[in-house]
Amino acid sequence: MPEYNWKNYLDKALAYHGHMCSGLILGLRLVLKGLELLDLNPDEPQRDLMIFIETNRCLADAAYVVTGITLGRRRIIVYDFGQAAMTFLSLNTNRAFRVAANSAIRPPKTEKDHAAFWSDYSDEEILSYQEVSVELKPENLPGKPLKRIRCPICGEDVTDGREVISNGQEICRCCAGQAYFKVIK
Ligand SMILES: [Zn+2]
Ligand SMILES: [Zn+2]
């Protein structure tokens, strides 16, 4: 990791995330390690990268800050597993690495300067990684939707094969009783 970039990433991360915290710094270290393992330069646009993030807490924001890749282009997939880990997949080489933060190291509750605390630790001390493979179904890849159906109950479109079959009909998940909300009026 080139030393001169670190402050730049830290400043960008703070502006994006809104506060300085250990999760954000660990996230930055983790993302930079993932790129390094895939031989990708963090200062260049990431054209063939997908990131699978296993948390929706502070750590996650570092992925966007460093790489610029976004959820809306299907290059970031969030698995809400509550784990401080991400997998970095190159769609070009098909190689992937899962990088996880070492849970044993945490700053004391009284720590004021999170950046200084973590700068005392090497990547080897705070991160571990494994080469992995990620099976991606065609309907989960970036690019145009492969399938689109119209739910006959609500009339909304469902893309990417996310519909379910009910009584022989393709319907949306909300109409199938899987809604996460209740309609009030
Ligand atoms: Zn935070
Ligand atoms: Zn519907």
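Please refer to the structure higher up on the page.
Residues numbered from 1 in each chain as written. Chains lettered and ligands numbered in written order. Predicted model: local features only at pLDDT ≥ 70, side-chain atom pairs only at ≥ 80, totals over all residues. Heavy atoms only, no water.

When you look at a nonpolar patch on the surface in this model, what are you seeing that I'm missing?
Together, Y180, F181 and V183 line one region of the surface with nonpolar side chains, adding up to about 410 Å² of accessible area. Assignment of secondary structure puts V183 in the segment after α6 (174–178). Exposure remark for V183: the relative accessible area of 68% places this residue in the exposed category. (Patch = residues over 30% accessible without salt bridge, like charges linked within 9 Å, V, L, I, M, F, W, Y side chains within 5 Å. Areas by Shrake-Rupley, 256 points an atom, 1.4 Å probe, with all protein chains shown as cover. Salt bridge = Lys/Arg side-chain N within 4 Å of Asp/Glu carboxyl O. Helix = DSSP H or I, 4+ residues; strand = E, 2+ residues; numbered from the N terminus. Buried < 20%, exposed > 50% of the residue type's maximum accessible area, 1.4 Å probe, protein only.)

So what exactly am I meant to see when it comes to the environment of N8 here?
With respect to the element layout, N8 can be found in helix α1 (residues 3–17). Put simply, N8 and V66 are 58 residues apart on the chain and 9.7 Å apart in space, counted from C-alpha to C-alpha.

Explain the coordination of the zinc ion (ligand 1) here, please?
Put simply, a metal with four donors set out as a tetrahedron has ideal angles of 109.5 degrees, and one with six donors set out as an octahedron has ideal angles of 90 or 180 degrees. H17 (NE2), H19 (NE2), C21 (SG) and C58 (SG) make up the full set of protein donors to the zinc ion (ligand 1), lying at 2.0 to 2.3 Å. Sequence spacing among the residues donating to the zinc ion (ligand 1) works out to H-x1-H-x1-C-x36-C. Across this residue pair, the class does not change: H17 and C21 are buried. (Donors = N, O, S within 2.8 Å, 3.2 Å for Na, K, Ca; no water.)

Where do I start with the nonpolar core in this structure?
Within soluble globular proteins, side chains that are nonpolar generally end up buried alongside one another. Counting 36 residues, the largest nonpolar core has L28, L30, I51, M86 and F88 as its most contacted members. Going through the elements one at a time, α1, α2 (22–37), β1 (49–53), α3 (61–67), β3 (85–90), β4 (96–101) and α4 (114–119) are the ones with two or more residues in this core. With nine residues, the top contributor of residues to this core is α2. (Core = buried A, V, L, I, M, F, W, Y, C linked by side-chain atoms within 4.5 Å.)

What's the story with the layout of surface pockets in this structure? I'm lost.
Unfilled space is identified by rolling a water-sized probe across the atoms. When its volume is computed, the largest pocket comes out at roughly 240 Å³. Partitioned by chemical class, the residues of the lining of the largest pocket number four nonpolar, five polar and two charged. Lining the second largest pocket we find L37, L38, D39, L40, Q46, R47, D48, L49, S90, N92, T93 and R95. Looking at side-chain class alone, the lining of the second largest pocket contains four nonpolar, four polar and four charged residues. (1 Å grid on protein atoms, 1.4 Å probe; cavity = no way out; pocket = protein on both sides within 12 Å on 5 of 7 lines; lining within 4 Å. Points joined across faces, edges and corners; volume = space filled by probe spheres on them. Nonpolar A, V, L, I, M, F, W, Y, C, P; charged D, E, K, R; others polar.)

What's the story with the sheet that holds β4 in this structure? I'm lost.
Judged by pairing direction, the sheet is mixed, and its five strands sit side by side in the order β2-β1-β3-β4-β5 without closing on themselves. Looking at the sheet topology across the chains shown, the edges are occupied by β2 (76–78) and β5 (127–132). Averaged over all adjacent pairs, the angle separating strand axes in this sheet is 20 degrees, with direction ignored. (Pairing = 2+ DSSP bridges. Axes fitted to C-alpha atoms, helices over the stretch in contact; angles between N-to-C directions.)

Explain unusual backbone geometry to me, please; I cannot follow it from the model alone.
Only a minority of non-glycine residues have a phi that is not negative, and only a minority of peptide bonds are not trans. Even without glycine at this site, D39 takes up a positive phi of about 60 degrees. With respect to the element layout, D39 can be found in the loop between α2 and β1. Overall, the relative accessible area of 73% leaves D39 in the exposed class. Positive phi values are uncommon outside glycine, yet N94 reaches one of about 65 degrees. The class of N94 is exposed, set by a relative accessible area of 56%.

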